[in-house]
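What follows is the residue order along each chain.
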Amino acid sequence: MKRKYLLLICTLLLCGCEDSTNTSDGSVQYQREMVPNEIVYYTADEAKEIIQSNTRFSVAEDFQCSAPKSISHFSSFTIGYHPRQDNAGFYEDFRTMFAYLFPDETMYEDCLFYYGMDSNLSEGNRIKTVAEEYDRIMNGEEHVLYYFYSPHFDPDQTSEAENNIFMEFTSPICSDLSNFNKGVLAEYYCKSKGKENDFFLETYNPYYFGSKVCTLPPDSEEAYTLLDGVSMSVADAAAFFENYINHLPLPEKPSLNIKVLWVDVLQCDTDTYCYYFKTAKAMDDIPFDWDPDTSYRGGLDYTYELSSGAMVVSDDVEQVYGAQRTGVVYDEVMHTEGINFATAMQKMEENLSAKVDFEVLSADFVYCSKAVEDPSVQPEDYLQPTTASWRVSLYNSNDGRIYICYVDALDGGNFHYYTCNATSE
C-alpha cells in the first residue's frame, strides 16, 4: 500500500526569508535564510528490509543509506547565482579570504593571477598577474572571471614565497569556482620522497599522495592518526570540516551549506592517515546531487556537484575543491508530504527491466537542478529549476555498470537515470 510521509503539501511560499523582490520576469527572488529541518534516516538494515519487501532487487552487503524515514520539509524552487561584484570589491574580498585561510602567509603580487575574458589579452594569453593590469582591473576595463594565487603556476615563475599553497575563487566568493589547498600533504610527500615541491595545487588532492583504506559514513567513530600525530575520529573530523567551511567569511549571506556525504580514509605512510571528504552543497540539510566522476551520464539534462575536501592534521582543513554556498532562491514552494521510500523503490522497479538482476548499492534523498541548455548563458544568468528526488544506485550484472536512478520525491514521476563504470561510484 502506498503511503505518504508526514501530513500536508504546503503551497505557501517559504516564510523563513529575510527579503523578497519581484524580478523582471515576475518571479519572486529571496535572500533566503536556512530553515531547520528535522530529518530521521533509516538504518541500513531498515532500508534493506524495505527494498527486499517491495522489489525484486537484491541489496549489496556494503549498502550505504541516507534515505529519510521522516523529514520536516523539502522544496521546489529555482536557484541562480548572485551577480558578480565589481573587480575592486572582488579583489578586496579575495585578499580577505587569503588572510583568513593563510594567516601566517604573505600575499606576493607575483603569485596573484587573474583570468580575463573580453580584454586586451589574446585567446592564448588570458592569464596574467594582477600587478600587470592592476589599473585596468580596478577601473573595470578587464572582465575578471576569477583570481587565483599560486607560487608554481608558471614553470619560469620566481617568487619569494616559501610555501607552496593555492587559492582561487570566482565572484562573489563561494559562488562557483571555490578552491584552496594549504599544501601540508604535498610538502610532507615531497620531503618523504626527496622531491621538489613544485606542484601546481589547483586539482591536487590526497589521492595523489595516499592510498585508500576504506570508505566510512560521516558519523563513524572509527579513528585514525593524522600527520600531526593526533588520533581523530571520522565523525569529529567531518564535524570540524563542516564547521570550518560553513563559517568562512563571505561577502554575501549564504543560502546553502556544505555537507559531508562520506569519508575516504587514505594511508599516507605506515602509521599516518588523512581524510578525504566527498561533499555537496545542501539546503536545509538536503544535499544537491553529486557526480560520481564519470564522463558519460546517459544525458545532460541535470547538473551535478563536484565538491570535496580533506584534512591531514587535526586542527585545520587542508584542501577544498568546490564550496558553493552563495545562491539566490526564486519561487520556493515548501512541501511537507511526498512519496515514501518504499513507493520510490517500487517506482524504480517499474521503470527498469525485469530481465536484469539489479543490486542496490545506495539510497539517498537529493535536490536535482535542471541544466542550462544554452551554452552562451553566463553563470550569473543561470536559472535552474530544482526539485527533490529519491536517488538510488544499482549495479547491473549484465553490463557491469552502475545505474543511478531518480524519481521525484513529490509524486514519484520523472524517472530518469544515467550510468557510470562500476569503479566510479
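Bear in mind that the values here come from a model prediction, so they are computed numbers and not experimental data.

Draft legend 1. A look at the packing of helix 1 (residues 44–54) against helix 6 (residues 341–351). Running from N to C, helix 1 and helix 6 point in directions that differ by 45°, and their axes come no closer than 9 Å. Considering their axes alone, helix 1 and helix 6 lie oblique with respect to each other. With respect to the hand of their crossing, helix 1 and helix 6 are arranged in right-handed fashion. Residue-level contacts link Ala-47, Ile-50, Ile-51 and Asn-54 of helix 1 to Phe-341, Ala-342, Met-345, Gln-346 and Glu-349 of helix 6. Of the residues assigned to the contact of helix 1 with helix 6, the class counts are 6 nonpolar, 2 polar and 1 charged.

Draft legend 2. Structural detail: the pairing of strand 7 (residues 74–80). Within strand 7, 6 of the 7 residues are buried, which leaves it mostly tucked inside the rest of the structure. Examined bridge by bridge, strand 7 and strand 22 (residues 328–335) share 6 bridges and lie antiparallel to one another. Residue Ser-75 lies in a different strand from strand 22, and its bridge partner there is Met-334. In the sheet, strand 7 pairs with strand 25 (residues 383–396) via 4 bridges, with the strands oriented antiparallel. Residue pairing in the sheet places Gly-80 in a bridge with Leu-383 of strand 25.

Draft legend 3. Structural context of empty space enclosed by the protein. According to the stated counting rule, one finds 1 cavity of 30 Å³ or more in the structure shown. The computed volume of the largest cavity comes to approximately 50 Å³. Asn-181, Leu-185, Ala-186, Tyr-204, Asn-205, Pro-206, Phe-209, Glu-318 and Gln-319 are the residues that line the largest cavity. Across the lining of the largest cavity, the residue classes break down as 5 nonpolar, 3 polar and 1 charged.

Criteria and thresholds
Residue numbers restart at each chain and count upward from 1, following the sequence in its written direction. Reporting of local features is limited, given that this is a predicted model, to residues whose pLDDT is at least 70; pairs of side-chain atoms are given and counted only at 80 or more, and all residues count toward the totals for whole chains, interfaces and linings. As a rule here, side-chain values cover all heavy atoms of the structure and leave hydrogens and water aside. Helix axes use the C-alpha atoms of the stretch in contact, all axes being lines fitted to C-alpha atoms, and the angles between their N-to-C directions lie in the range 0 to 180 degrees. The way it works is that DSSP assigns letters per residue, a run of H or I at least four long becomes a helix, a run of E at least two long becomes a strand, and they are numbered from the N terminus. Each angle receives one of four descriptions, namely roughly parallel if under 35 degrees, roughly antiparallel if over 145, roughly perpendicular if within 65 to 115, and oblique otherwise. Should the near helix be turned anticlockwise from the far one by less than a right angle, the crossing is termed left-handed; should it be turned clockwise, right-handed. We call two residues contacting when some pair of their heavy atoms lies within 4.5 Å. Residue type decides the class: Asp, Glu, Lys and Arg count as charged, Ala, Val, Leu, Ile, Met, Phe, Trp, Tyr, Cys and Pro as nonpolar, and the leftover types, Gly among them, as polar. Working definition: with a 1.4 Å probe on protein chains only, accessible area under 20% of the residue-type maximum means buried, over 50% means exposed, and in between means partly exposed. Being paired, for any two strands, means DSSP has found at least two bridges between them. Buried and open spaces are told apart on a 1 Å grid over the protein atoms alone, a cavity being a set of points where a 1.4 Å probe fits but cannot get out and a pocket being an open set with protein on both sides within 12 Å along at least five of seven lines. Residues with an atom within 4 Å of a point are the lining residues. Grid points are joined across faces, edges and corners, and a volume is the space filled by probe spheres set on the points.

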